[in-house]
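# Summary of structural features
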Amino acid sequence: MNLEELLKSNRPPKKDEITDEDLTKLFVKYKGLLKQWERDKAFSAATHENIRIAYAKLDELVEARTAELRKTNEQLQQEITERRKVEEALRESERRYRLLTENAKDVIWTVDMNMRPTYMSPSITRLLGYSVEEAMVLPMEAVYAPASFETAMKVLAEELAIENMEQKDLYRSRTLELELNRKDGSMVPVEVKFSFIRGPDGRPVEILAIARDITERKRAEEALRENEEKLQRMFESATDGIVVTDLSGNIMEMNEAAVHLYGSDSKGKLIGQSAFEFIAERDRVRVMEILESAKEDGQIRRNVEITFLTEDGREYFAEVSSALLRDAAGNSAGFIAIFRDITERKQVEDQIKQTAKQWRTTFDSITDLVSICGKDFRLIRVNKAFADVVKMKPEELIGKPCYEIFHGTNEPVLSCPYKKTIKTKKPAMAEFFEPHLGIHLEVAISPIFDEKGEVVASVHVTRDITERKKMEEQLIVTDRLAAIGKMASGIAHELNNPLTGIIGFSDLLLAKDIPDDIAEDLVVINREAKRTVQIMRSLLTFARKHPEERQPVDINNIIQEVIVLRAYEQKVNNIKVNTQFAPDLPEIMANGFQLQQVFLNIIVNAEDFMIEAHGRGTITITTERLDGIIQVSFADDGPGIAEKNLGHLFNPFFTTKEVGKGTGLGLSISHGIITAHGGRIYAESELGKGATFIVQFPISTADSRGIKNEES
Amino acid sequence: MMSGKKKLEVFGAIIQGFTEACKDLNIVAGSRAGELISGVEVNQWYPFKRLRDIEATVIETYKNAEPILERAGVEMMLSWYNLGPGKEIINAGVDFLRFQSGSQGYASVVKGPKDLVGSFELVEIDENKGKALIHSTTPFNKDLERGIVIGGMSAPGDLDYIDVNNDEDEHYFKIEFG
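What this report covers is the structure whose coordinates are included nearby. (Residues numbered from 1 in each chain as written. Chains lettered and ligands numbered in written order. Predicted model: local features only at pLDDT ≥ 70, side-chain atom pairs only at ≥ 80, totals over all residues.)

### Brief notes about the overall build of chain A
For the record, the criterion: Strands here are runs of E lasting at least two residues and helices are runs of H or I lasting at least four, both read from the DSSP assignment and numbered beginning at the N terminus. Backbone-placed C-beta atoms define the burial measure: a residue is buried with 20 or more other C-beta atoms within 10 Å of its own, exposed with 12 or fewer, and partly exposed in between. By the convention adopted here, residues are in contact when the distance between their C-beta atoms, placed from the backbone, does not exceed 7 Å.
Of the regular secondary structure elements, chain A holds 22 helices and 22 strands. Split into buried and exposed, the 712 residues of chain A put 19% on the buried side. Sequence separation of 24 or more characterises 50% of the internal contacts of chain A that already satisfy a separation of 6 or more.

Below you can see the structure in the form of structure tokens.
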């Protein structure tokens, strides 16, 4: 087995199978392999070192590259974010523009430079009636009205010529008013703004047109024009003068009426003149002040009365309204004044004022209380008499409710006649005593109607009828007294016969021989019977109807007769009468029976109060002559009169007596009688210290007696 | 215009062989290798600089390029023998040495000015002792050249041992073989 076979047998060689030559071969082979292994090892080491270095470099590179990539990535991310934002903004912008375009009322279209449409906004349908698709294929000649198309083409040519110039505004636009054809054959006026859409090189690539329907504007312009014409016609045809001035008052424009009012026949001559020349000198400063204040506040001054001058110097009154004029920028530019001659009206107004004054005077001179009252019962107007009665000023009464003034109540009284008038729409009358005022009133109410016939107010004529009422009461009393007198007269006649019998028979018996004690009694009977006859005679005299004439009377005698009448009553009631009569009193012209009534009344009142107070009393009656008067005083020692009642003693129906004992008319009638005689009656008293009634009469001279008394 | 001075040129087959070797050994990445031999025809002459550039590429790439270049030279000659005309020229390892006599082998792949071309010449050979000496003044990298000698001798496969050493003088390759 040779060496090759031995090596292939893959078993250790036997001792005799290996030759020296084989060993040498093996040695060489081994040395060759070893060399090859060394070379491979060196190669492997070199490559591995290189790989290691390469890996290290690679790591560095990877790291650097990773960092670079990270950075790049970050930048990229940032760029992507930015780009997304930009894209989003662009999309939003595009969406917005599209929304704007699609929803714009204006129509937006673009055409290329050959006038072929490239875009139409949907609003084309609203403007022209075509759908977008229809409009996109329409030739421009069909869109524009012929004249408008010609204009548009002319302008396009001009603009293209500008494009060839060195200096040009790339953002310029042209706005034209054109007419477009609608699908239904009608035409619509539009305002179209043309501009070029330019390519990157700045050259026009498309034409942008934005069209706006100006139908309404055209109508408004037409209306404005018509309005201006109308205003001009009104200006010229106005009957009032209208003058336009600059801020200095120089006339700039005026209508024919103003020329006429200035007394001129030439408008041209007046233009440029100062309007102040046509104002009376005394009013010029005032007018200047008015205009200055108008300049400050811009307010219209209405109906100012100014004295104007005509060209020939004649004065007339004018009513002027003026306003500040402003220019388009809002600055003060001048004044406009509208004026009219009110001379005649002023005269009429003066007359009316005069008449009103007269009416007022008349109104206030009416003695009756006249008022005008609204439906709400509030006073609209009152005359002086009214105000005097309620002790207020007329202006204080206006607006106050009539019931508050008259009745002192918070609402109309139940018997209010005005309520009746409002209800029935008819005049009403009423009489009432107003304790609030202490007077009797008679009111007549006449309604005032509006144009619908509804009561809106009323005229109240109220009259103070206190005196009349007193007279009526007096008449009642007089009638009653007359009845009593008549009855007393009958009674007196009936008693006279038996009294005559008593006196006669008592005289006959006294003439006979009778016992003394009986004779004494008969004397008393006879004397008292005679005194009774005397009383009856006085009663008859008092009750008899007497004429209203006045005669000279002696006051002392009249008082004496009254004392006789009251003698019995006084005696039985422990009333003592002291008289201090002046002996030299002159007679006065008077109705003795009326004075008798007055004195009787005073004495009876004194008796009543003294008896009631302490069952007895003394009356001191004094007559005396003072300076030009006769004074009679009746002083009693009764309970006296409270101070609060002193002022009401002579009011009708005022009494402090128990119910049924007094009418409250006695002193009132007495007051009337004494006053009618020109005299005066009053009372002085202090509570608990008696009362004194004083009656004074003027002393009449022989020559003037009757006259003076008549006058009073 | 042609220069009057002839340039040093190398046969395209050497460039391609070297490059293919580098490629096979993964010394140079495939795409880079492709670039290095791009447009190179095997039977055309090219400036020697092309080969130098490939050498430089390897030297720049590796920290210790000596074993790499040597291995590239070996691989280059194995391809020359197995895939190229080598089998027709030599039958045994020693034949490769004899082929270098008078620089005939070298002269077939490098041409140009003599002072630049240099020589690759078998100085002596003792087949019995298995020793030989080659003197090289070629512009080739000496590590690559050492590999070429090793590759050229080992390609026929008849030698069990081959050692080429130029440590003392890079221009003298001391060869032992057996």
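Additional details are given in the paragraphs that follow.
### Focus on the sheet that holds strand S7 (residues 251-254) of chain A
All names here are of chain A. Going by this rule: A pair of strands counts as paired when DSSP detects no fewer than two bridges linking them. Between N-to-C directions, angles cover 0 to 180 degrees, with each direction set by a line fitted to C-alpha atoms, over the stretch in contact for helices.
Spatially, the 5 strands line up as an open sheet ordered S7-S6-S10-S9-S8, and their pairing is antiparallel. The outermost strands of the open sheet, each flanked by one partner alone, are S7 and strand S8 (301-309). Each adjacent strand pair in this sheet contributes to an overall mean axis angle of 30 degrees, direction not counted. Summarising the sheet, strand S6 (residues 241-245) and strand S10 (residues 332-341) pair through 5 bridges and their orientation is antiparallel. Each residue of the ladder has a partner; that of Gly 241, found in S10, is Phe 339.

### Looking at the pairing of strand S6 (residues 162-165) of chain B
Residues and elements named next belong to chain B. Here S6 shows a buried face lined by Ile 162 and Val 164 and an unburied face lined by Asp 163 and Asn 165. With 4 bridges joining them, S6 and strand S7 (residues 172-177) adopt antiparallel strand pairing. Looking across to S7, one finds that Asp 163 is bridged to Glu 176. Count of turn residues in the S6/S7 antiparallel hairpin: 6 residues.

### A look at the interface of chain A and chain B
Operational definition: Residues are grouped as follows: nonpolar covers Ala, Val, Leu, Ile, Met, Phe, Trp, Tyr, Cys and Pro; charged covers Asp, Glu, Lys and Arg; every other residue, Gly included, is treated as polar.
In this complex, chain A contributes 13 residues to the contact, which on the side of chain B involves 14 residues. Of the residues contributing to the side of chain A that touches chain B, the split by class is 5 nonpolar, 3 polar and 5 charged.

### Some points on the nonpolar core
Note the following rule: A set of buried residues drawn from Ala, Val, Leu, Ile, Met, Phe, Trp, Tyr and Cys, joined through C-beta atoms within 7 Å, is what defines a nonpolar core.
One finds B:Phe18, B:Val58, B:Ile68, B:Ala72, B:Met77, B:Val149 and B:Met153 to be the most contacted residues of the largest nonpolar core, which totals 52 residues. For this core, the leading source of residues is helix H4 (residues 66-82) of chain B, giving 9 residues. If sequence neighbours within four positions are ignored, B:Val149 has contacts with B:Ile134, B:Val164, B:Phe173 and B:Ile175. Counting 33 residues, the second-largest nonpolar core is a separate cluster that includes A:Ile621, A:Ile681, A:Ala691 and A:Val695.

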